[in-house]
Amino acid sequence: MFLVIGATGNIGKHVVAELSSRGLPVRVVSRDIQHARQVLPETVEYMQANLTQEPDVQAALHGVSKIYLATNGPDQLVAETNVINAARNAGVQHVVRVSVIGATPDHFVAIARAHHQLDQLLAESGIPATTLRPNWFMENFFGSADSIVHQGAIYGSADDGRVAFIDSRDTAAVAVRVLTEDGHAGKDYHLTGPEALTFAEAAQRLSEGSGHSVTYINLSDSDFRGALVGAGVPEVFADLYLQINRNARENNLAVVSNTIEAVTGLPARSLAVFTRDNAAAFTPVKA
Ligand SMILES: NC(=O)c1ccc[n+]([C@@H]2O[C@H](COP(=O)([O-])OP(=O)(O)OC[C@H]3O[C@@H](n4cnc5c(N)ncnc54)[C@H](OP(=O)(O)O)[C@@H]3O)[C@@H](O)[C@H]2O)c1
């Protein structure tokens with residue numbers, strides 16, 4: 001049995017679809033089963049679970065041999081710690097975990113520090129494991145869809161920093177290979193798209209792919225923070241966005257790897273392809 005944690009997420013939904021289409025037994029957990037059923041195939045086994053709760057974790061892992069693990073948000077450290085500890089005790093055969101590039105104990109991006117702790121815990125658990133480190137998700141542009149559609153603009157404070165944006169369908173394809181093939185235990189995969197772009201260049205790709213003009217507007221950190229908070233973003237997330245923009249500005253996300261093609265045999269999707277495939281999300285509705 002494959003357990004997919006983060007099944008309703010950007011990557012996880014593609015992992016579920018692919019495993020399920022191969023006829024493999026899949027259990028998904030979600031805190032909101034009704035929502036999960038709307039976005040995932042009928043054929044999988046559904047379990048309502050909040051992985052901050054140890055009884056839920058025990059139930060979710062029952063009879064499981066391999067786990068895909070990606071969560072987010074304020075519960076992440078507790079939830080993923082619970083899963084790794086339970087997986088070790090249950091003798092799970094393989095865990096594939098989504099981490100981040102450059103997860104170090106003293107990183108200025110708070111999420112990177114949390115991921116470092118989880119990377120360490122998984123490494124010390126002795127469970128055969130593979131860590132995926134995807135770059136900035138192209139799907140993050142969905143979070144800017146409103147300003148793209150209504151203002152023709154994306155905002156940030158990344159300046160001219162370059163980012164090798166990645167399509168989560170490619171991260172999912174790597175995860176499925178890792179879950180279904182031998183030879184990936186102990187590997188740490190740095191995953192990126194095919195090119196490192198500035199946000200101005202990314203805006204250009206979004207324009208070309210959607211047919212709707214998009215411009216990148218660079219703000220100072222304080223103006224960007226003010227705009228985010230003014231738009232209703234909670235301060236803790238506004239600070240996170242600033243940290244991530246600084247990471248891009250300092251070119252910490254600019255290295256392009258060929259790991260996706262090496263693992264899957266297919267080239268990584270470009271931002272142009274992502275935009276074309278999702279053009280409706282970035283285009284004003286015609287009256
Ligand atoms: N965004 C980026 O650019 C980026 C880049 C590199 C790495 N990452 C990492 O990628 C990971 C997120 O992957 P993603 O984008 O595919 O996921 P996502 O879209 O953020 O979705 C998060 C998933 O976590 C599940 N989840 C959260 N808390 C849970 C809990 N307490 N119990 C059970 N499930 C829980 C959610 O399930 P339900 O809501 O259905 O319960 C949801 O399916 C994070 O670790 C993030 O740091 C992100």
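Owing to the predicted nature of the structure, the values given are computational and were not obtained by experimental measurement.

Calculation rules
Residues numbered from 1 in each chain as written. Predicted model: local features only at pLDDT ≥ 70, side-chain atom pairs only at ≥ 80, totals over all residues. Heavy atoms only, no water. Helix = DSSP H or I, 4+ residues; strand = E, 2+ residues; numbered from the N terminus. Polar contact = N/O pair within 3.5 Å; in protein donor to acceptor, adjacent residues only side chain to side chain. Contact = heavy atoms within 4.5 Å. Phe/Tyr/Trp six-rings, centres within 6.5 Å; stacked < 30°, edge-to-face > 60°. Buried < 20%, exposed > 50% of the residue type's maximum accessible area, 1.4 Å probe, protein only. Domains from an automatic or database assignment. Buried area = accessible area lost by both parts, 1.4 Å probe. Salt bridge = Lys/Arg side-chain N within 4 Å of Asp/Glu carboxyl O. Nonpolar A, V, L, I, M, F, W, Y, C, P; charged D, E, K, R; others polar. Near = heavy atom within 4 Å. Areas by Shrake-Rupley, 256 points an atom, 1.4 Å probe, with all protein chains shown as cover. Axes fitted to C-alpha atoms, helices over the stretch in contact; angles between N-to-C directions. Left-handed = near helix turned anticlockwise from the far one by under 90°. 1 Å grid on protein atoms, 1.4 Å probe; cavity = no way out; pocket = protein on both sides within 12 Å on 5 of 7 lines; lining within 4 Å. Points joined across faces, edges and corners; volume = space filled by probe spheres on them. Patch = residues over 30% accessible without salt bridge, like charges linked within 9 Å, V, L, I, M, F, W, Y side chains within 5 Å.

Structural notes on the side chain of Ser257
Along the chain, Ser257 falls in the loop between helix 10 (235–249) and helix 11 (259–264). A distance of 2.7 Å separates a polar atom in the side chain of Ser257 from the backbone oxygen of His190. Leave out the neighbours within four places in its chain, and Ser257 touches His190, Leu191, Thr192 and Gly193.

Some words on the packing of aromatic side chains
The final tally for this structure, using the stated rule, is nine aromatic pairs. Both rings, one in Trp136 and one in Phe199, keep their centres 5.1 Å apart while their planes meet at 65°; by these two values the pair is edge-to-face. In this pair, Trp136 sits in the loop between strand 6 (129–134) and helix 6 (145–151) while Phe199 sits in helix 8 (residues 199–210), placing the two residues 63 residues apart along the sequence. Since its relative accessible area comes to 6%, Phe199 is described here as buried. One aromatic cluster is present, built from ring pairs that chain together Trp136, Phe141, Phe165, Phe199 and Tyr216.

Structural notes on the domain arrangement of the protein
Parsing the protein into structural domains produces domain 1 (2–127) and domain 2 (139–163 + 194–255 + 267–282). Here the C-alpha centroids of domain 1 and domain 2 sit 27 Å apart. Contacts between domain 1 and domain 2 engage seven residues on the former and nine residues on the latter. Between domain 1 and domain 2 lies a buried interface of about 700 Å² when both sides are counted; carbon and sulfur atoms form 67% of it. The interface formed by domain 1 and domain 2 contains zero salt bridges. Counting across the domain 1 and domain 2 interface gives one residue pair in polar contact (both at pLDDT 80 or more). Among the residues forming the side of domain 1 that touches domain 2, the class breakdown is five nonpolar, two polar and no charged.

Points about the site of the ligand
By nearness alone, 26 residues border the ligand, and Thr8, Ser30, Arg31, Asn72 and Gln76 come closest of all. Taking Ile11, its main chain carries an N or O atom lying 2.9 Å from an oxygen atom of the ligand. At a separation of 2.7 Å, an oxygen atom of the ligand approaches a polar side-chain atom of Asn72. Starting from 930 Å² of accessible surface for the ligand in isolation, the protein chains cover 86%. Partitioned by chemical class, the residues of the shell around the ligand number eleven nonpolar, 13 polar and two charged.

Some details on the packing of helix 9 (residues 221–230) against helix 10
In the contact formed by helix 9 and helix 10, the axes pass within 9 Å of each other and the chain directions differ by 145°. Crossing of helix 9 over helix 10 shows right-handed handedness. Of helix 10, the residues touching helix 9 (which contributes Asp221, Phe224, Arg225, Leu228 and Val229) are Glu235, Ala238, Asp239, Tyr241, Leu242, Asn245 and Arg249. Taken together, the residues of the contact of helix 9 with helix 10 break down into six nonpolar, one polar and five charged.

Regarding the layout of surface pockets
Roughly 270 Å³ of volume is contained in the second largest pocket. Arg169, Ala173, Thr264, Leu266 and Arg269 are the residues nearest the centre of the second largest pocket, which is lined by 14 residues in total. Mapped by element, the contributors of at least two residues to the lining of the second largest pocket are helix 1 (12–21), helix 7 (168–180) and helix 11. Ranked by residue count, the leading element in the lining of the second largest pocket is helix 7, at six residues. Counted by class, the lining of the second largest pocket contains six nonpolar, two polar and six charged residues.

Structural notes on a nonpolar patch on the surface
A cluster of nonpolar residues, Val236, Phe237 and Tyr241, forms a patch on the protein surface that exposes about 290 Å² of accessible area. Topologically, Tyr241 is positioned in helix 10.

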